[in-house]
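# Understanding the architecture of this molecule
The chain contents come next:
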Amino acid sequence: MNLREGVLRLWSKFSKKRSVEDAEMSPSIVLLLRKYHVFTKAEIRVACEKAWHKRFDGKEDPMCYVGYSETGLSGSNSPFVLIKSGRYLISVLHASQPYLEDVESVAQQLPRKEQQKAWRDHSAWVSLDLMSSKGAPRKETYAVLARLARYIGDANCSGFYLPKEQILLPNDGTADEGLQLMIDGEFM
């Protein structure tokens, strides 16, 4: 079995019916970070430009830009970031603590050692949340998020977590394949 078949098999194994509450949750990909890092406007723009192969300055295409405010909501130390990519609006949220409070408890519930390691290795996170997905096909919404996640995730990222789907892709060399499958519409 090749890597692609393995990722698809794992996807089908861990996909399950979701509750109404889950169905209403916005699609998102959470980058689990080993160390807290606030992405700069330049870093986000470069990732967007690589992902969509066009400038994200709002000039070439007014539907493609990065809105960035150094002051976050309610005066937080994290920036307020919105990305406009065509008809999609993506918010970027930075956090300096683990994604869920009890890291060890969550790690023990994960089925694979690679996933457990990825979860234990993170101490901060960045969430890419699709704000304008109502009525959009699930495959398309995750393709949009995966494009950005693929280019913004780096060695500081221990894994990519899809909260709505309850899927964790460890960033151990296999996550890129999973993200590409999402971009191609084959993962969901």
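Details of the structure are given in the entry above.
Calculation criteria
- Residues numbered from 1 in each chain as written.
- Predicted model: local features only at pLDDT ≥ 70, side-chain atom pairs only at ≥ 80, totals over all residues.
- Heavy atoms only, no water.
- Core = buried A, V, L, I, M, F, W, Y, C linked by side-chain atoms within 4.5 Å.
- Buried < 20%, exposed > 50% of the residue type's maximum accessible area, 1.4 Å probe, protein only.
- Helix = DSSP H or I, 4+ residues; strand = E, 2+ residues; numbered from the N terminus.
- Contact = heavy atoms within 4.5 Å.
- Pairing = 2+ DSSP bridges.
- Axes fitted to C-alpha atoms, helices over the stretch in contact; angles between N-to-C directions.
- Phe/Tyr/Trp six-rings, centres within 6.5 Å; stacked < 30°, edge-to-face > 60°.
- Salt bridge = Lys/Arg side-chain N within 4 Å of Asp/Glu carboxyl O.

### Some thoughts on the nonpolar core
Generally speaking, a soluble globular protein has its nonpolar side chains buried in company with each other. Membership of the largest hydrophobic core comes to 41 residues, with the highest contact counts inside it found for Ile-29, Ile-83 and Leu-128. For this core, the element with the most residues is helix α6 (residues 138-152), which contributes seven residues. If we ignore the near neighbours within four places in the chain, the residues touching Ile-83 are Ile-44, Cys-48, Phe-56, Tyr-65, Val-66, Tyr-88, Leu-89, Ile-90, Val-92 and Leu-148. Ala-95, Val-103, Ala-118 and Trp-125 belong to the second-largest nonpolar core, a separate cluster that totals 12 residues.

### Details of the pairing of strand β7 (residues 167-170)
Every second residue of β7 is oriented toward a common face, with Ile-167 and Leu-169 on one face and Leu-168 and Pro-170 on the other, all of them buried. In terms of strand pairing, strand β6 (residues 157-162) meets β7 through four bridges, oriented antiparallel. Across the sheet, Tyr-161 pairs through a bridge with Leu-168, a residue of β7. Two successive antiparallel strands, β6 and β7, enclose a turn made up of four residues, where Gln-166 displays a positive phi of approximately 55°.

### What about the sheet that holds strand β1 (residues 28-33)?
A sheet is described by the order of its strands in space; here seven strands give the open sequence β2-β3-β4-β5-β1-β6-β7, paired in antiparallel fashion. This sheet does not close on itself; its edge strands, each paired only once, are β2 (64-69) and β7. Going across the sheet, the axis of each strand differs from the next one's by a mean of 20°, ignoring polarity. Sheet strands in contact with helix α3 (residues 41-52) are β2, β3 (80-85) and β4 (88-95), and its direction is about 165° off that of β2. Where helix α5 (residues 113-121) meets the sheet, its contacts fall on β1, β6 and β7, and the angle it forms with β7 comes to roughly 85°.

### Things to note about the packing of aromatic side chains
Under the criterion given, the structure shown has five aromatic pairs. With 5.5 Å between their ring centres and 40° between their planes, Trp-52 and Phe-56 make a pair best called tilted. Note on accessibility: Trp-52 and Phe-56 belong to one class, buried. Arranged with centres 5.5 Å apart and planes meeting at 85°, the rings of Trp-119 and Tyr-161 form a pair that is edge-to-face. Pair noted here: Trp-119 is in helix α5 and Tyr-161 is in strand β6, with a separation of 42 residues, a long-range link. On the accessibility criterion, Tyr-161 (14% relative accessible area) is buried. Grouped by ring-pair contacts, the aromatic residues Tyr-99, Trp-119, Trp-125 and Tyr-161 constitute a single cluster.

### Considering the pattern of salt bridges
The tally for this structure, following the rule as stated, stands at nine salt bridges. Across the salt bridge formed by Arg-120 and Glu-104, the nearest N and O atoms sit 2.7 Å from each other. Taken together, the residues span a long stretch of sequence, with Arg-120 in helix α5 and Glu-104 in helix α4 (residues 103-109) at a distance of 16 residues. The exposure class assigned to Glu-104 is partly exposed, which follows from its relative accessible area of 35%.

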